Amino acid sequence: MADTAPTTAEAACFEAGIKFGTLYHQFAGTPLSPDSAASIETAMEEAIENQPHCTDVTVEVQRDALEAELADSAADYTELTGRFLEVEIVVDYEGCEVLTRMAMEDGYPLMKVVSVRDADDSV
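Residues numbered from 1 in each chain as written. Predicted model: local features only at pLDDT ≥ 70, side-chain atom pairs only at ≥ 80, totals over all residues. Heavy atoms only, no water.

Q: Help me understand the sheet that holds strand β5 (residues 96–105) in this model?
A: Each strand in a sheet pairs with its neighbour through backbone hydrogen bonds, running either in the same direction (parallel) or in the opposite one (antiparallel). Here 4 strands make up an open sheet; going across it, the order is β2-β4-β5-β6 and the pairing antiparallel. Looking at strand neighbours, the two that pair on one side only are β2 (54–61) and β6 (108–118), the edges of this open sheet. With direction set aside, neighbouring strand axes in the sheet form an average angle of 10°. Taken together, the 7 bridges between β2 and strand β4 (residues 85–93) define a ladder with antiparallel strand orientation. Bridge assignment links E60 to a residue of β4, and that residue is E86. Lying over the sheet, helix α2 (residues 37–49) contacts β2 and β4, oriented at roughly 160° with respect to β2. (Pairing = 2+ DSSP bridges. Helix = DSSP H or I, 4+ residues; strand = E, 2+ residues; numbered from the N terminus. Axes fitted to C-alpha atoms, helices over the stretch in contact; angles between N-to-C directions. Contact = heavy atoms within 4.5 Å.)

Now the structure itself:
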């Protein structure tokens, strides 16, 4: 099999994966409470948007899940995990836009590529 260079779409998807890996592993374990949810959303969005090729990040703490977690707890906070997050990241790499999302699926925070589109919409 001959070696080939990655396509622009493949490189764009790789860039999106890097952003998700950074987002998840940088913030996992952060103390999270209903009072800090908004500031954590903003911190995560702004941190990831700093990375090359990242054009948009939306982070939503699932407050219902957070409040359910805290309902039976003696503490007023818990640690941030994927079960409390819904995330959307958009990467634009050399005119190829990749839309990715993370949400709970079957009890697991699944990260996936939703769409890949190049500048002329042919991908």
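Q: How do you make sense of helix α1 (residues 8–27) when you look at a structure like this?
A: Think of an α-helix as 3.6 residues a turn; residues three or four steps apart then line up on the same face. A rise of 1.5 Å per residue sets the reference length of α1, with its 20 residues, at 28 Å; its end C-alpha atoms lie 29 Å apart and thus fit the reference within 8%. What α1 keeps buried is the set A9, A11, A12, E15, A16, K19, F20, L23, Y24 and F27. On its buried face, α1 is in contact with α2, β2, β4, β5 and β6. (Expected span 1.5 Å × (residues − 1). Buried < 20%, exposed > 50% of the residue type's maximum accessible area, 1.4 Å probe, protein only.)

Q: Explain the pattern of salt bridges here, please?
A: If charged atoms from side chains of opposite charge come close, those side chains can pair. For the coordinates displayed, the defined rule picks out 6 salt bridges. A salt bridge links E97 to R117, with the shortest nitrogen-to-oxygen separation between them at 2.6 Å. On the criterion of sequence distance, the pair formed by E97 in strand β5 and R117 in strand β6 is long-range, its members being 20 residues apart. The exposure class of R117 is partly exposed, given its relative accessible area of 40%. (Salt bridge = Lys/Arg side-chain N within 4 Å of Asp/Glu carboxyl O.)

Q: Before we go on, may I ask you to explain the UniProt feature "domain: Dihydroneopterin aldolase MtpD C-terminal" (unreviewed entry) in the protein in this structure?
A: As recorded in UniProt, the feature "domain: Dihydroneopterin aldolase MtpD C-terminal" (unreviewed entry) lies at residues 7–113. From the first C-alpha to the last, residues 7–113 spans 16 Å; its make-up is 39% helix and 35% strand. (UniProt positions renumbered as here; feature names shortened; annotations may be inferred.)

Q: Help me understand the pairing of β6, please; the structure alone is not making it clear to me.
A: Sheet faces and side chains relate simply in a regular strand, where the side chains alternate between the two faces. Judged from the 10 bridges that link them, β5 and β6 form a sheet pairing that is antiparallel. Note that in β6 the partner of M104 across the bridge is P109.

Q: What am I meant to see in the packing of α1 against α2 here?
A: For any two helices packed against each other, the geometry is given by the interaxial angle and the distance between the axes. The contact between α1 and α2 brings their axes to 10 Å, and the two run at 140°. The angle between the axes of α1 and α2 places the two elements in the oblique class. Judged by the twist between their axes, the crossing of α1 over α2 is right-handed. Packed against α1, whose contacting residues are K19, T22, L23 and F27, the element α2 presents A43, M44, A47 and I48 at the interface. (Parallel < 35°, antiparallel > 145°, perpendicular 65-115°, else oblique. Left-handed = near helix turned anticlockwise from the far one by under 90°.)

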